[in-house]
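Read off the chains here:
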Amino acid sequence: MIGPLKGALDLIVGDPQADRAVPPTGITARLTVFVAGAMAFLAVFALALSLTAGRVADRWANELAQAATLRLPADAPGADIELALNILSTTPGIADARALTDAEQQALLSPWFGPDLALETLPVPRLIEVIADDDSYDDAGLRARLTAELPQATLDDHGRWRAPLIAAASRLRLIGWLVIGLIGAAMAAMIALAAQASLAANAQVIRVLRLVGARDIYIARAFVRRFTLRTGVGAMVGVVLGVAVLQLLPGGDGTGGFLANIGFEGAGWLWPLVIPLLAAIVAFVATRAAALARLKEQT
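Residues numbered from 1 in each chain as written. Predicted model: local features only at pLDDT ≥ 70, side-chain atom pairs only at ≥ 80, totals over all residues. Heavy atoms only, no water.

Chemist: Can you lay out the pairing of strand S3 (residues 126–132) for me, pointing to particular residues and giving the numbers?
Modeler: Two strands pair when backbone bridges link them, and strand S1 (residues 67–72) and S3 are joined in this way by six bridges, in the antiparallel orientation. Bridged to arginine 71 within S3 is leucine 127. Sheet topology note: the strand S2 (residues 94–99)/S3 ladder contains five bridges and is antiparallel. Bridged to alanine 99 within S3 is isoleucine 128. (Pairing = 2+ DSSP bridges. Helix = DSSP H or I, 4+ residues; strand = E, 2+ residues; numbered from the N terminus.)

Below, the structure is given as structure tokens:
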């Protein structure tokens, strides 16, 4: 533990003599801070979108897993509906079952047919909402009982809706992580180019340092420190701006829309705090590799 802490402290404090080899201002400094901030800003949104898609998909999947629909023909008599409700109420694992009213069925169809739909003129099946408890129910046993006592009834467990939703959410999460990986790779490439440009601009200073006995690792450490700190500061600014913009986005209306409430919840708020640290690590690795390679070329 002492070794890593000492290394981190040395990186922050640095060596004033070696730091003179790295210009404190200039285009490379501004470019490094800007790239780190922009990439961190984009990473916040990619991460928020990925986590939000996962939350919404999980919520929808859980709701669909706990719900089912029993359909009866449009001309089914009231006795059949009562029989269906009795079968469902006596089935272990079913917490509630109720027949939807005409108003509720019209509300379900209004997005496709409009609010003025004359429900009585269409052969709309009668629907019974089924809610399972935590232990769920014996799907095969219930279907067998319905076939024997109410063959005209059809039980839909929403499985065909749940599977594509889960698959789409998994792909969207994967895309989000791939985007974050590409952001990190692009940031590493830009920082490496900026470090090499800074090394090339300070070739004379580096030559003098070598004449007085400075080793390449000593010279490289100064560049690594400066670019790592610049990247960390820029990433912090980008994360703060990204989170602020997320807070300005309109919230969801409670209907569970796929893109509603984009952002972080609970422990998910810790993820943005990791972005500056990861950005600094990427900058450390990229700058060290670029600096050592460039110094070797200048030997």
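There's plenty left to go through after this.
Chemist: Tell me what's going on with the packing of aromatic side chains, and back it up with residues and numbers.
Modeler: Applying the stated criterion across every chain yields a total of three aromatic pairs. Between phenylalanine 41 and phenylalanine 45 the ring centres are 5.1 Å apart and the planes differ by 50 degrees, which places this aromatic pair in the tilted class. Separated by four residues within a single helix, phenylalanine 41 and phenylalanine 45 lie in helix H3 (residues 27–66), roughly one turn from each other. Its relative accessible area of 25% is what places phenylalanine 45 among the partly exposed residues. Residues phenylalanine 264 and tryptophan 269 carry aromatic rings whose centres are separated by 5.4 Å and whose planes lie at 55 degrees to one another, so their mutual orientation is tilted. Phenylalanine 264 gets classed as buried once you look at its relative accessible area, which sits at 5%. (Phe/Tyr/Trp six-rings, centres within 6.5 Å; stacked < 30°, edge-to-face > 60°. Buried < 20%, exposed > 50% of the residue type's maximum accessible area, 1.4 Å probe, protein only.)

Chemist: An account of the sheet that holds S3 is needed here, citing residue identities and associated values.
Modeler: The strand order across the open sheet formed by four strands is S2-S3-S1-S4, and the pairing between neighbours is antiparallel. Sheet topology places S2 and strand S4 (154–156) at the edges, where each strand pairs with a single neighbour. Averaged over neighbouring strand pairs, the angle between their axes works out to 20 degrees when direction is ignored. Running at roughly 90 degrees to S3, helix H5 (residues 102–113) makes contact with S2 and S3 of the sheet. (Axes fitted to C-alpha atoms, helices over the stretch in contact; angles between N-to-C directions. Contact = heavy atoms within 4.5 Å.)

Chemist: Quick rundown of the pattern of salt bridges? Include the residues and the values.
Modeler: Following the criterion strictly, the structure yields four salt bridges and no others. Its salt-bridge partner being aspartate 156, residue arginine 71 comes within 3.9 Å of it at the nearest N-O pair. Of this pair, arginine 71 sits in strand S1 while aspartate 156 is found in strand S4, placing the two residues 85 residues apart along the sequence. Since its relative accessible area comes to 31%, arginine 71 is described here as partly exposed. The class of aspartate 156 is buried, set by a relative accessible area of 13%. Arginine 98 is the partner of glutamate 104 in a salt bridge, and the nearest nitrogen-oxygen pair spans 3.0 Å. Arginine 98 sits in the partly exposed class, given a relative accessible area of 33%. Residues joined in a network through salt bridges with shared partners are Arg98, Glu104 and Glu129. (Salt bridge = Lys/Arg side-chain N within 4 Å of Asp/Glu carboxyl O.)

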